[in-house]
Amino acid sequence: MGASQRNLPAINEMAMVGGRLCLDFINTTNWLDMDSVDDRLTDFSQVLAWGVRVGLIRFPGEADSLDPTNRKTDPRMARLHQFRYMLRQLFVSAQPPDPATLALFNQCLRQTGGLVMTVTEKDLNFVCRSHDLSWIEAPVAYSAAELLISPLKKRIKQCPGPRCGWLFLDSSPNNRRRWCSMATCGNKHKARQFYGRKKER
Ligand SMILES: [Zn+2]
């Protein structure tokens, strides 16, 4: 079932709880083990909406210049999905990545050579201006590389909610965060426990 059929929030409303750009990108879909379910990135207009949401696209009209087509069968979608799957593998697998995965990651990482600091209205922004996928792959790969080699890597957790599987960086002082969000998976869990106890009585 697609995201819209299950009334899941779309890109514009969905929670951003990963704590890092790369984790929020991985969380643009839910996961059932290693399979993507309830994907929010199913066509390129959603990719652009995500880019706007996280600040990778900041100028009016910029999205149009990055994608004039918005086709559902856009071959770039398959590549982005593969990139997202690979990133998640890198974070959740207990094994070191295989050479093919590492090669793909490094290919995306090389695009960070195109990242430039630019001045927007008041802020500095670290962006990649191009018409291929590097505007999204480069900053996300950079964020992933930084996190993968950081001591914070061991604070990355996977939400145990059914059909969730989101990744997040637990920055709570006692390292006891369990859910992607209390508003969604945490509350559903509490409700299940409550009705389970009711049934027993
Ligand atoms: Zn969750």
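From a predicted model like this one, the values you see are computed outputs, not experimental measurements.

Draft legend 1. View of the environment of Leu148. Mapped onto the elements of the fold, Leu148 is located in helix 6 (residues 134–148). Excluding its chain neighbours within four sequence positions, the residues that come into contact with Leu148 are Leu90 and Lys153.

Draft legend 2. Focus on unusual backbone geometry. Positive phi values are uncommon outside glycine, yet Asp33 reaches one of about 55 degrees. With 7 C-beta atoms counted inside 10 Å, the residue Asp33 sits in the exposed group. Of note, Asn175 is a non-glycine position whose phi angle comes to about 55 degrees, a positive value. If you trace the backbone, Asn175 turns up in the loop between strand 6 (167–169) and helix 7 (182–200).

Draft legend 3. Highlighting the environment of Met86. One can find Met86 in helix 4 (residues 75–92). Taking the C-beta count within 10 Å as the criterion, Met86 has 19 such neighbours and is therefore assigned partly exposed. Among residues more than four places away in sequence, those in contact with Met86 are Thr101, Leu104 and Phe105.

Draft legend 4. Broad picture of helix 2 (residues 44–53). Turning to helix 2, its buried residues are Phe44, Val47, Leu48, Trp50 and Gly51. Angularly, the buried residues of helix 2 cover 155 degrees about the axis, an arc narrow enough to put them on a single face.

Draft legend 5. Here's a closer look at the packing of helix 4 against helix 5 (residues 99–110). Their axes nearest at 10 Å, the elements helix 4 and helix 5 cross at an angle of 115 degrees. As for the relative orientation of helix 4 and helix 5, their crossing is left-handed in sense. Residues Phe83, Met86, Gln89 and Leu90 of helix 4 form the contact with helix 5, whose participating residues are Thr101, Leu104, Phe105 and Cys108. Its residues placed into classes, the contact of helix 4 with helix 5 shows 6 nonpolar, 2 polar and no charged.

Draft legend 6. Seen up close, the nonpolar core. By size, the foremost hydrophobic cluster in this structure holds 36 residues, and its most contacted members are Cys22, Leu87, Val140, Ala144, Cys159, Phe168 and Cys180. Broken down by secondary-structure element, the contributors of at least two residues to this core are helix 1 (21–26), helix 2, helix 4, helix 5, helix 6 and strand 6. The element contributing the most residues to this core is helix 6, with 7 residues.

So, how was this worked out
- Residues numbered from 1 in each chain as written.
- Predicted model: local features only at pLDDT ≥ 70, side-chain atom pairs only at ≥ 80, totals over all residues.
- Helix = DSSP H or I, 4+ residues; strand = E, 2+ residues; numbered from the N terminus.
- Contact = placed C-beta atoms within 7 Å.
- Buried ≥ 20, exposed ≤ 12 C-beta atoms within 10 Å, placed from the backbone.
- Arc of directions from axis to C-beta.
- Axes fitted to C-alpha atoms, helices over the stretch in contact; angles between N-to-C directions.
- Left-handed = near helix turned anticlockwise from the far one by under 90°.
- Nonpolar A, V, L, I, M, F, W, Y, C, P; charged D, E, K, R; others polar.
- Core = buried A, V, L, I, M, F, W, Y, C linked by C-beta atoms within 7 Å.

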